[in-house]
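Working through the structure, step by step
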Amino acid sequence: MNEIAARPNNLDAFWMPFTANRAYKATPRLLARAEGMHYFTNDGRTVIDGTAGLWCVNAGHGRPEITEAIQKQAAVMDFAPTFQLGHPIAFQAAAKVAEHTPPGLDRIFFTNSGSESADTALKIALAYQRARGEGQRVRLIGRERGYHGVGFGGMSVGGIGGNRKQFGAQLPYVDHLPHTHSLEHNAFTRGEPAWGAHLADDLERMVALHGDTIAAVIVEPLAGSTGVLVPPKGYLARLRTLCDKHGILLIFDEVITGFGRLGTFFGAERVGVTPDILTMAKGLTNAAVPMGAVAVHDRIYRAVVDNAPDGIELFHGYTYSGHPLAAAAAIAAVDVHAREDLPARARAIEPYFEDAAHSLRDLPNVIDVRNMGLVAGIELQPRPGKPTDRAVRVFHRCFDDGVLIRTTGDIIALSPPLIVEKPHLDRIFETLGAAIRAEAA
Ligand code: PXG
């Protein structure tokens, strides 16, 4: 046994993802249990979940229907391949998801995460362009401040500098639209801001530059990870029009906006724009078992599959695509969403959530509040010479006062489970307000 493994109760072996490992391990915070709207810490404290875990536990923690479905499936069949074989529950899960995807997007490819969904969507877009005789279309367009996970594809089309610069090598043939964030024009907007639709026109500039070599554009309808960027009114519709005009596929990354987050089953419905390909993960299984999926328009599926010679049509897939436990969890989670109409529940409480978020606007250092669905971003003025310090301290204060929030840079993001009720919101925003005041200096 090596030295790390031999020490009891040590935190060293787990190299934690997207974490300041040294700082965390010096003062660890551990979650031990979760139920409904709450986490419980290992030292017995209750923490209200203002972030649905990592934007994923949309139906609330520990849903018995989902737990039981996973338990039952584990006892029936732990694993079965989906390469050249199948098992009923994977097909049922796909059909169930397709009941809720936008019109036409009813072919479902299973992955295990949002990152894999992004890379899968990009590869399907490239395969489609080849299949229809447009193999010169190899270019992928992302957006500044976009987040599409950490695979090479998603990282490359992603537009968060900090996630790229450590690695150097990126995919070639990638370009980025400008992001849509503007405090100057849109600070303190409720819902979709009025300014910014014209930023989609940058795609025309790219077509002028790159000609007919663009395969696809990928954007989050509402950008989450980068700090809650709400789409300007008309922006996504304009992207849709330009993509159609130039033979470019439009991919929506709905890893965050899917499963009721914007008050509709998928964000596409809320923004009134249908993409050609849509990625999802997180809320798909209520995060109880890892799973992602890519919903593809039937036209694209048919172009790739029907044009292929006999045999395998798409040389892509994961050992765990359609894993039985994940499929069971997905079916149960989608059923919970439908039965309890969680999107409608999110819509119903959105005005209260919006008012609560905007009640923070006059607190010290709050330079923007923005919101859509059950997502809010509160942007703080960074401490001079110490970016992120203020938000990180607000995060710690909230956690110690029993509220889990999320920060990125100096932006606080809130995305509670869709089962959230007014008293929970009161607690979340009171605690957050107090923490922001306490970090005024
Ligand atoms: N696309 C989008 C839009 C995402 O938000 C991914 C892809 C990648 O998913 P996976 O399952 O590979 O992590 C995401 C993930 C945060 C935070 O705090 C956001 C994500 C993950 C972790 C933290 O904002 N989004």
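If you're wondering where the values come from, they're calculated on a predicted model, not measured in any experiment.

**Thoughts on the environment of His-198**
Along the chain, His-198 falls in the loop between helix H9 (183–186) and helix H10 (202–210). Sequence-wise, His-198 and Thr-41 are 157 residues apart; in three dimensions their C-alpha atoms are separated by 47 Å.

**So, the sheet that holds strand E14 (residues 406–408)**
Read from one edge of the open sheet, 4 strands run E11-E12-E15-E14, paired in antiparallel fashion. Sheet topology places strand E11 (366–372) and E14 at the edges, where each strand pairs with a single neighbour. Strand-to-strand twist of the sheet, defined as the mean angle between neighbouring strand axes without regard to direction, takes the value 20°. Sheet analysis places E14 next to strand E15 (residues 411–414), joined by 3 bridges and oriented antiparallel.

**Re the environment of Tyr-24**
The topology assignment puts Tyr-24 in helix H2 (residues 21–26). Through-space distance from the C-alpha of Tyr-24 to that of Asn-10 is 13 Å; in sequence the pair is 14 residues apart. Here Tyr-24 is in contact with Met-16 and Thr-19, once residues within four sequence places are set aside.

**Considering the domain arrangement of the chain**
For the chain, the assigned domains are domain 1 (3–59 + 341–438) and domain 2 (66–339). Computed over C-alpha atoms, the centres of domain 1 and domain 2 are 26 Å apart. Elements with a minimum of two residues in the side of domain 1 that touches domain 2: helix H3 (52–55), helix H15 (342–358), E11, strand E12 (375–380) and E15. Per-element tally for the side of domain 1 that touches domain 2: the top contributor is H15, with 7 residues. Taken together, the residues that form the side of domain 1 that touches domain 2 break down as 16 nonpolar, 9 polar and 7 charged.

**Let's talk about the sheet that holds strand E10 (residues 292–296)**
The mixed open sheet is built from 7 strands, whose spatial order is E4-E10-E9-E8-E7-E5-E6. The open sheet has two free edges, formed respectively by strand E4 (107–111) and strand E6 (174–177), since each of these has just one partner strand. Taken pair by pair, the neighbouring strands of this sheet meet at an average axis angle of 20°, ignoring direction. Across the face of the sheet, H10 comes into contact with strand E5 (139–143), E6 and strand E7 (214–219) while running at roughly 155° to E7.

**Points about the site of the ligand**
Taken together, 18 residues sit near the ligand, with Ser-113, Gly-114, Ser-115, Gly-149 and Val-255 positioned nearest. Within the residue set of the shell around the ligand, elements represented by two or more residues are H3, helix H6 (114–131) and E14. Examining the composition of the shell around the ligand, we find that 3 residues originate from one element, H6, more than from any other. Of the residues belonging to the shell around the ligand, the class tally is 7 nonpolar, 8 polar and 3 charged. For the shell around the ligand, the two domains that each supply at least three residues are domain 1 (3–59 + 341–438) and domain 2 (66–339).

**With respect to the packing of H6 against helix H13 (residues 298–306)**
It is at 9 Å that the axes of H6 and H13 come closest, and there the two elements cross at 65°. Note that H6 runs across H13; the crossing there is left-handed. Counting all contacts with H6, which are made through Ile-124, Ala-127, Tyr-128 and Ala-131, the residues of H13 involved are Ile-300, Ala-303 and Val-304. Per-class residue counts for the contact of H6 with H13 are 7 nonpolar, no polar and no charged.

**Quick notes on the packing of helix H16 (residues 389–400) against helix H17 (residues 422–438)**
As a packed pair, H16 and H17 sit with axes 9 Å apart at the nearest point and diverge in direction by 135°. Here H16 is positioned oblique relative to H17, judged by the angle of their axes. The two elements H16 and H17 meet at a crossing, and its hand is right-handed. Here H16 contributes Val-394, Arg-397 and Cys-398 to the contact with H17, which in turn contributes Thr-431, Leu-432, Ala-435, Ile-436 and Ala-438. Taken together, the residues that form the contact of H16 with H17 break down as 6 nonpolar, 1 polar and 1 charged.

Criteria and cut-off values
- Residues numbered from 1 in each chain as written.
- Predicted model: local features only at pLDDT ≥ 70, side-chain atom pairs only at ≥ 80, totals over all residues.
- Helix = DSSP H or I, 4+ residues; strand = E, 2+ residues; numbered from the N terminus.
- Pairing = 2+ DSSP bridges.
- Axes fitted to C-alpha atoms, helices over the stretch in contact; angles between N-to-C directions.
- Contact = placed C-beta atoms within 7 Å.
- Domains from an automatic or database assignment.
- Nonpolar A, V, L, I, M, F, W, Y, C, P; charged D, E, K, R; others polar.
- Near = placed C-beta within 6 Å.
- Left-handed = near helix turned anticlockwise from the far one by under 90°.
- Parallel < 35°, antiparallel > 145°, perpendicular 65-115°, else oblique.

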